[in-house]
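Tertiary structure, described
The chain contents come next:
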2 protein chains.
Amino acid sequence: MKYWQIVETHMKKLDALHHAQNKITYDLETIAPKKSFNQTALTLETLAGLYYEYLTDEHFLYALENTKAENLSTGQKQIVEEYLKEVNRIRKIPLAEYKLFAKLQTQGHSAWISARESNDFSLFAPVLEEIVSYLKRYATYQGYEANPYNALLDIYEPEMQMNDYDQFFGAIREKIVPLLARLKESKILQQTIHAKSLQGTFAKNDQEKLMHFIVNYVGFDFNYGQLGESAHPFSTSFHNEDIRITTRYDLQDVTSSIFSVLHEFGHGIYERNIAADFTQTPLGTGVSMGMHESQSRFYENMIGRTKSFWQPIYPVLQAMFPQPFQDVTLDAFILSINQVQPSLIRVEADELTYPLHIMLRYDLEKLLFSGDIQVRDLPQLWNEKMEEYLGLTPKTVSEGVLQDVHWSQGSFGYFPTYALGSAYAAQFYATMQKKVCVSRELEAGNLNSITSFLSEHIHQFGKSKTPKQIIKDVTGAEFSRSYYIKYLTKKYEQLFLWEQ
Amino acid sequence: MKYWQIVETHMKKLDALHHAQNKITYDLETIAPKKSFNQTALTLETLAGLYYEYLTDEHFLYALENTKAENLSTGQKQIVEEYLKEVNRIRKIPLAEYKLFAKLQTQGHSAWISARESNDFSLFAPVLEEIVSYLKRYATYQGYEANPYNALLDIYEPEMQMNDYDQFFGAIREKIVPLLARLKESKILQQTIHAKSLQGTFAKNDQEKLMHFIVNYVGFDFNYGQLGESAHPFSTSFHNEDIRITTRYDLQDVTSSIFSVLHEFGHGIYERNIAADFTQTPLGTGVSMGMHESQSRFYENMIGRTKSFWQPIYPVLQAMFPQPFQDVTLDAFILSINQVQPSLIRVEADELTYPLHIMLRYDLEKLLFSGDIQVRDLPQLWNEKMEEYLGLTPKTVSEGVLQDVHWSQGSFGYFPTYALGSAYAAQFYATMQKKVCVSRELEAGNLNSITSFLSEHIHQFGKSKTPKQIIKDVTGAEFSRSYYIKYLTKKYEQLFLWEQ
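Residues numbered from 1 in each chain as written. Chains lettered and ligands numbered in written order. Predicted model: local features only at pLDDT ≥ 70, side-chain atom pairs only at ≥ 80, totals over all residues. Heavy atoms only, no water.

Considerations on the packing of aromatic side chains
- Using the criterion set out here, one finds 78 aromatic pairs over all chains in the structure.
- Considering the side-chain rings of A:Phe220 and A:Phe222, the 5.2 Å spacing of their centres and the 80° angle between planes classify their relative orientation as edge-to-face.
- Overall, A:Phe220 belongs to the buried group, its relative accessible area being 6%.
- On the basis of relative accessibility, which here comes to 26%, the residue A:Phe222 falls in the partly exposed class.
- With a centroid separation of 5.5 Å and 75° between ring planes, the pair formed by B:Phe298 and B:Tyr429 is classed as edge-to-face. Of this pair, B:Phe298 sits in helix α12 (residues 289-303) while B:Tyr429 sits in helix α19 (residues 416-435), and the two are 131 residues apart along the sequence.
- Here B:Phe298 falls in the buried class, since its relative accessible area comes to 3%.
- Look at B:Tyr429 and you get buried, because its relative accessible area is 11%.
- Here the basic side chain of B:Lys465 rests over the ring of B:Phe461, its NZ or CZ set 3.9 Å away from the ring centre.
- Over the ring of B:Tyr483 we find B:Lys486; its NZ or CZ atom is 5.7 Å from the centre of that ring. (Phe/Tyr/Trp six-rings, centres within 6.5 Å; stacked < 30°, edge-to-face > 60°. Buried < 20%, exposed > 50% of the residue type's maximum accessible area, 1.4 Å probe, protein only. Helix = DSSP H or I, 4+ residues; strand = E, 2+ residues; numbered from the N terminus. Lys NZ or Arg CZ within 6 Å of the ring centre and 35° of its normal.)

Next up, the structure:
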């Protein structure tokens, strides 16, 4: 086991460097003083270099390859495989290119902030062009079929390529657009209290108490986790015994933070429940972005927006915030938090229009990497697609093409996993309902049996199974978009179309 | 400059690893979930190993030594010297011994916690014996004169050895003990409101607001720093643009946190004002423990316990906490926060009895490393010394020999720097008063001229000057204990003995 020991020693170093980068980033996003950013960025740059150095070290690769002759356990073999995949991916990128991309990410992010503030796409376009150009070269280093975009999709969701997504989004479009049209005519929807009328004045202190109550209620263990505050809600973990989720507090709208913490709880509980054997190894994290998003969107939407979930705890919300909830019945509240309304901003979109926002981004990314369009074409095409899918036209680039942070950090191919995650969740949910009476458990305030199902079938495996394997093992079938379409159709028909 | 470039690249890595270790430790002490400790300890162990690996790397040493032929700037030369000193110190410790000590520190700390909780020294003694035994070997690796203890003293305060401390503490004992006896007879002191009667009920929220006000008032810039909460107040910095200080909130006694934040501010402002050229290099930190403590105890005591300091802001305290301060005059408040009263616990001791607590520890550490006493003798000798210096006998080991964390972490030779720091501060204060009218500035709420003096003469240099050089340059003289003795005598005579 001589080579395995080398791998293990090296793994500890890689994991420690990764933990360090993550913790410093977490600190920056939550409590670090504003002006500490520049110097701390130097530290992060150096740590990223060290990580690259250790990951691409020839002795490490040699040891990894030579463990084949050793009698490894299944878990050890999986660790070796995972590293070989990552080492081979990273070694294909020349060091100078690797460093260039890290620099472009920082520059891109700061150019994007300026461009957004000045409502001027041209401030962002030059660095975005460089980012796209690098990513095309990245695709060449890795190899791809048909469109360089496929190499990018592979980073975030292995085994999902353009063909798969084309079919997926095609079907969604075909079903969701008519459903949206039918909802436009719904009298119930027209009579529903607008979500805006749930607004009020919500002191931060009180909101913090409520969020602690809610995440504790759904099963977040504060012995192993912490709820922080940041400009954009996110979650991270340093190992399976240290899970951090964050939220932000909208002083006019308490529901904003409620659905953020439920969303981030879904990410957090996934990382928390990964088997102890895998933590602090490359298998000790969620297997893909889509799988992660399936967990967060499950808790946010399939659990958090149901009447069953709120039945036991709606009185708590009413008691903490008599204004406005005292005069809102539970039924009215549920209709209100599920209201459908085409809007410009993805992160504020309802569950039904959300995938249309994703489709728009997917379409543009595809065209950009096939070379059919250029960076300069993005603002106008964005607006055209927005009109086509949602019937709205942004008045400014800031509420249009510049609204998301992802492209500025070079994350192309990431967006589709958001919609895919919701679809995974719908398929898991269909299976779960055969084994767990979800509504009864929720009404009894028993989240445990729901989380246990996910933990047993999904969470515990970390990266030791592929997404496709997990879906097959949980649901007994291949991934199918039909569950998602059925779920959305049934949900919105039951809420708003039962009179028709 | 070929070798300098190697040194510089290596320096960035060492600094980044150091930043990472510090940030993870800071997180553990402040916001990390309780049960995350065990796994995060593994990360810290690996990072410590990486740091050792990089520091003792032969190519690094070779490059350091070969920079001599290159045309370095003064600052670059100082960096090389500082590294050579540290590299040579660490390379003398065999790797196995280095790792053993890291393990003993963790074990020691947890055994100390158990021993304290069960009030049973025997739970701590075995690991403490191993720690002492390792430190004796450490002294042999480094070389020492007369007593292995000298090698330990050198870690925390370079150029201060037993001979120096013996004279220092001898003189203090000679002057402070009679002063204490005189104070016992003071009618003013007897009539002073006991500090306990300043107690009340102080909501944490309100205390947080007050502490923000106070540290901002004395000059802490929240753009470059943050005030956190931890079980034991401390300060740390990641570079000169990220300073963290912490406090704890005693809900019965607001003065506890007031003096903690003033103390930690002193540490923090030292790190904040280090020249930009030195930050993120080995020169970018306070030069010694004694020098650091001189800054913290200066703000805590020489500034924070004076009438001039409180004159402009006492009304703020009274307004925020009418109970109990509304009925306490400023004069009564000042007497109360300067009350002298022998006590058992070092961290709660007043400014005058404080050095006696340090002397006791110094005496015991000396005897332990000379071999005159053994670990098992500590509890009884502690009580005897306590009776001799302060006239009190602890009832339990927890309020006696087990009260401090330091020994459990292998920090022997550290305590004397606490008293030394106060003495440095007194000498700096004497010089400062010739150039700045401190009381007038304080009464005008102008802390800036005071901090500027310290920044210009002490802070900015980081580790680029030795403590002795700094003292000579600031005060025009060698270090002398007489300033400290004069300061204490004059202060307490003016407060409590003017009727005699």
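Back to the text.
Details of the packing of helix α10 (residues 204-218) of chain B against helix α11 (residues 254-272) of chain B
Residue and element names in this part refer to chain B.
- Following both chains from N to C, one finds α10 and α11 inclined at 35°, their axes separated by 10 Å at the closest point. In the packing of α10 onto α11, the handedness of the crossing is right-handed. Taking contact as the criterion, the partners of Gln207, Leu210, Met211, Ile214, Val215 and Val218 in α10 are, on α11, Val254, Ser257, Ile258, Val261, Leu262 and Phe265.
- Residues of the contact of α10 with α11, tallied by class, amount to ten nonpolar, two polar and no charged. (Axes fitted to C-alpha atoms, helices over the stretch in contact; angles between N-to-C directions. Left-handed = near helix turned anticlockwise from the far one by under 90°. Contact = heavy atoms within 4.5 Å. Nonpolar A, V, L, I, M, F, W, Y, C, P; charged D, E, K, R; others polar.)

Here's the deal with the sheet that holds strand β1 (residues 225-229) of chain B
All names here are of chain B.
- The sheet built from three strands is open, its strands ordered β1-β3-β2 with mixed pairing. Lying at the two open borders of the sheet, with one neighbouring strand each, are β1 and β2 (235-239). Strand-to-strand twist of the sheet, defined as the mean angle between neighbouring strand axes without regard to direction, takes the value 20°.
- Where β1 meets strand β3 (residues 242-247), five bridges bridge the pair, whose relative direction is parallel. Paired with leucine 227 across the two strands is isoleucine 245, which belongs to β3.
- Running over the sheet, α11 touches β1, β2 and β3 and is turned about 165° from β3. (Pairing = 2+ DSSP bridges.)

Things to note about unusual backbone geometry
- In this structure, A:Pro324 follows A:Gln323 across a cis peptide bond, with omega equal to 5°.
- Structurally, A:Pro324 can be placed in helix α14 (residues 322-325).
- Within the chain, B:Asn119 stands out as a residue other than glycine whose phi angle is a positive 55°.
- If you trace the backbone, B:Asn119 turns up in the loop between α5 (95-118) and α6 (125-142).
- Residue B:Asn119 is classed as partly exposed on the basis of its relative accessible area, which comes to 35%.
- Positive phi values are uncommon outside glycine, yet B:Glu159 reaches one of about 75°.
- Tracing the sequence through the fold places B:Glu159 in the loop between α7 (149-156) and α8 (162-184).
- Relative accessible area serves as the criterion here: at 38%, B:Glu159 is assigned to the partly exposed category.

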